[in-house]
Amino acid sequence: MTPEDAQSPLASAWLKWARAVEHADALARATRQWQASGPHRYERREALSPFYERRLQVEWWLRVEHPVPPRLPVLVGDVLTNLRGALDHALWAAVRAHSGRPVKPNRVQFPIDTSERAFRAHAQELQRLVRAEVWQLVEKVQPFQLGEDATAHPLERLRWLSDVDRHRLAPVVEMMSTPLGPADVTAEPPVQVLSQWRTAGPVRDGDVLLQLVLRRPDDSTEVVLRPTFAVVPSLQVHDEPEEFTPLATALEAPKDWVLSVLGRFSSIMGLPHPDPASLEP
């Protein structure tokens, strides 16, 4: 950070965001290294029914070879802590610039609310401490603005995850199975697919990912089966409703939203945006 940027009231907020980016990069590297180790494999099992039922059941099972390394949820927590801190530092700077040191400094926290009623309660205590334009921005980015979709807002996911991380490791699940369409069944002559069932969502070692039941072909018929699913490390991003997102992308939207909020805080307060290169570690 240049000497000029370091003197900015928002300097610590920008540095918090930059630190979050640094941890996010470390998380991405650690995730790639783990995935390169071959953390899981698939086990295929077949079962023939009695000939008169003429059914063939094929299943693909998950076998976990290397569980999620403990470092991954710790790095997730580091990203969350710094993103949440960047918002709080920004609001603190706005309060200091407008009304000086607050009487109750511990109460100065960037509000993130899915309920307008809860937000109005925060407004009674915080709104008068900042410029009107600052509070208008704070209100504009609130999750409750999305109505019924408030829990899907990136800032609400940041709030929920950072609250969870205060008490336990971030909820990184072993794997998440994502269906990629119907399984490919090739045979000459064609065989009939009687049923197809697959798992979507969190999976663990020993879970069945895909089950196919086919009309049993003649002994001379060759059947080629190509399963269509992906198993990726994932992060629980909320519990109302319970939702999981691939770990590789789970923190991108919160990171971008915090960056946008900091940029608009800088503009409202008449402060220059720091040179991105000056924020690098």
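Quick notes on the rules
Residues numbered from 1 in each chain as written. Predicted model: local features only at pLDDT ≥ 70, side-chain atom pairs only at ≥ 80, totals over all residues. Heavy atoms only, no water. Helix = DSSP H or I, 4+ residues; strand = E, 2+ residues; numbered from the N terminus. Buried < 20%, exposed > 50% of the residue type's maximum accessible area, 1.4 Å probe, protein only. Contact = heavy atoms within 4.5 Å. Lys, Arg positive; Asp, Glu negative; His and termini not counted. Charge placed at Lys NZ, Arg CZ, Asp CG, Glu CD. Polar contact = N/O pair within 3.5 Å; in protein donor to acceptor, adjacent residues only side chain to side chain. Phe/Tyr/Trp six-rings, centres within 6.5 Å; stacked < 30°, edge-to-face > 60°. Core = buried A, V, L, I, M, F, W, Y, C linked by side-chain atoms within 4.5 Å. Pairing = 2+ DSSP bridges. Axes fitted to C-alpha atoms, helices over the stretch in contact; angles between N-to-C directions. pLDDT = per-residue confidence, 0-100. Parallel < 35°, antiparallel > 145°, perpendicular 65-115°, else oblique. Left-handed = near helix turned anticlockwise from the far one by under 90°. Nonpolar A, V, L, I, M, F, W, Y, C, P; charged D, E, K, R; others polar. Salt bridge = Lys/Arg side-chain N within 4 Å of Asp/Glu carboxyl O.

### Regarding the overall build of the protein chain
So, step 1. Counting its regular elements, the protein chain contains seven helices and ten strands.
So, step 2. The dimensions of the protein chain, computed from C-alpha atoms along their principal axes, are 85 × 40 × 30 Å.
So, step 3. By residue count, 45% of the 281 residues in the protein chain fall in the buried class.
So, step 4. Of all intrachain contacts in the protein chain linking residues separated by at least 6 positions in sequence, the fraction that spans at least 24 positions is 69%.
So, step 5. Each charge sign in the protein chain was given a centre, from 32 positive and 37 negative side chains, and these centres are 4 Å apart.

### Points about the side chain of Ser 234
So, step 1. Residue placement: Ser 234 occurs in strand S9 (residues 229-239).
So, step 2. By relative accessible area, Ser 234 is classed as buried at 0%.
So, step 3. A distance of 3.2 Å separates a polar side-chain atom of Ser 234 from the backbone oxygen of Val 232.

### Considering the packing of aromatic side chains
So, step 1. In this structure the tally under the stated criterion is three aromatic pairs.
So, step 2. For the pair Phe 110 and Phe 265, a centre-to-centre distance of 6.4 Å together with 45° between the ring planes defines the contact as tilted. Pair noted here: Phe 110 is in the loop between helix H3 (71-99) and helix H4 (116-126) and Phe 265 is in helix H7 (residues 252-268), with a separation of 155 residues, a long-range link. For the pair formed by Phe 110 and Phe 265, the shared burial category is buried.
So, step 3. A ring pair is formed by Phe 119 and Phe 144, whose centres lie 5.5 Å apart and whose planes are at 45°; its orientation type is tilted. Here the residue Phe 119 occupies a position in helix H4, and Phe 144 occupies one in the loop between helix H5 (132-140) and helix H6 (154-165), the gap between them amounting to 25 residues.
So, step 4. Assessed through its relative accessible area of 10%, Phe 144 is described here as buried.

### Some words on the nonpolar core
So, step 1. Grouped together as the largest cluster of nonpolar side chains are 74 residues, with contacts concentrated most on Leu 10, Val 76, Phe 110, Leu 235, Val 258 and Phe 265.
So, step 2. The residues touching Val 76, leaving out its near neighbours within four places in the chain, are Leu 27, Ala 170, Val 172, Leu 235, Leu 247 and Leu 251.

### Regarding the environment of Leu 194
So, step 1. For Leu 194, the position within the fold is in strand S5 (residues 193-198).
So, step 2. Residues Leu 194 and Leu 262, 68 residues apart in the sequence, show an inter-C-alpha distance of 55 Å.
So, step 3. Leaving out residues up to four positions away in the same chain, Leu 194 has contacts with Arg 55, Val 213, Leu 214 and Arg 215.

### Considerations on the sheet that holds strand S2 (residues 55-64)
So, step 1. If you walk across this open sheet you meet the four strands as S1-S2-S7-S5, and the pairing is antiparallel. Two strands close off the open sheet at either side, each with one partner strand: strand S1 (40-48) and S5. For this sheet, the mean angle separating the axes of adjacent strands, direction not counted, is 10°.
So, step 2. Relative to strand S7 (residues 208-215), S5 is paired through five bridges, and the arrangement is antiparallel. Following the sheet pairing, Arg 198 is matched in S7 by Leu 210.

### A short note on the confidence of the model for the protein chain
So, step 1. The share of residues in the protein chain with pLDDT of 70 or more is 91%, and the mean pLDDT across the chain is 88.
So, step 2. Least confident of the elements in the protein chain is helix H1 (residues 3-6), whose mean pLDDT is 55; most confident is H5, at 97.

### Quick word on the environment of Glu 46
So, step 1. On the secondary structure map, Glu 46 appears in strand S1.
So, step 2. Along the backbone, Glu 46 and Pro 274 are 228 residues apart, and their C-alpha atoms lie at a distance of 61 Å.
So, step 3. Non-local contacts of Glu 46, meaning those with residues more than four positions away in its chain, are made with Leu 56, Gln 57 and Val 58.
So, step 4. Side chain to side chain, Glu 46 and Arg 44 meet in a polar contact 2.6 Å long.

### Section: the packing of helix H2 (residues 11-36) against H3
So, step 1. Axis separation between H2 and H3 bottoms out at 8 Å; the angle between their running directions is 165°. Comparing the axis directions of H2 and H3 gives the class roughly antiparallel. In the crossing of H2 with H3, the sense of the turn from one axis to the other is left-handed.
So, step 2. Taken together, the residues that form the contact of H2 with H3 break down as 15 nonpolar, six polar and four charged.

### Considerations on the pattern of salt bridges
So, step 1. This structure, assessed with the given rule, holds 17 salt bridges.
So, step 2. We note a salt bridge from Glu 133 to Arg 131, for which the minimum N-O separation is 3.5 Å.
So, step 3. Take Glu 133: its relative accessible area is 37%, and that puts it in the partly exposed class.
So, step 4. Classification of Arg 131 by relative accessible area gives partly exposed; the value is 33%.
So, step 5. One salt bridge connects Glu 243 with Arg 157, and the closest N-O pair in it is separated by 2.7 Å. Pair noted here: Glu 243 is in strand S10 (residues 242-246) and Arg 157 is in helix H6, with a separation of 86 residues, a long-range link.
So, step 6. Via salt bridges that share partners, Arg 41, Glu 43, Arg 45, Arg 63, Glu 65 and Asp 205 belong to a single interconnected network.

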